[in-house]
Amino acid sequence: MEHHPGTTPPSPSTPIAERQARADWLITELGRLAANADDPSERARLRRTADSLVRLATAYRS
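To keep things clear, this report deals only with the structure shown in the data block. Please read these numbers as outputs of a predicted model, since none were measured by experiment.

**Here we look at the overall build of the chain**
Each helix and strand counted, the chain has two helices and zero strands in total. Accessible area of the chain: about 5000 Å², with a carbon and sulfur share of 59%.

Right, here's the structure in full:
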């Protein structure tokens, strides 16, 4: 997983609610980026990424 400066990836000791909030924020941000993308292939890629993250987050919540 790529790390971006200024962000802290969740660690195993990060509380579940905080990890869930980060995942929710990322899903929202990916949706926003997709909605604003001019390139249809980029828009589709971002939506697929958001969908994958939703499935992953749902699996962890089960």
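After that view of the structure, there is still more to cover.
**Notes on the nonpolar core**
Membership of the largest hydrophobic core is limited to six residues, which are Leu30, Ala34, Ala37, Leu46, Ala50 and Leu53. Elements that contribute at least two residues to this core include exactly α1 (16-36) and α2 (40-61). The leading source of residues in this core is α2, at three residues. Apart from residues no more than four positions distant in its own chain, Ala34 is found in contact with Arg43, Leu46 and Arg47.

Here is what the cut-offs are and how they apply
- Residues numbered from 1 in each chain as written.
- Predicted model: local features only at pLDDT ≥ 70, side-chain atom pairs only at ≥ 80, totals over all residues.
- Heavy atoms only, no water.
- Helix = DSSP H or I, 4+ residues; strand = E, 2+ residues; numbered from the N terminus.
- Areas by Shrake-Rupley, 256 points an atom, 1.4 Å probe, with all protein chains shown as cover.
- Core = buried A, V, L, I, M, F, W, Y, C linked by side-chain atoms within 4.5 Å.
- Buried < 20%, exposed > 50% of the residue type's maximum accessible area, 1.4 Å probe, protein only.
- Contact = heavy atoms within 4.5 Å.

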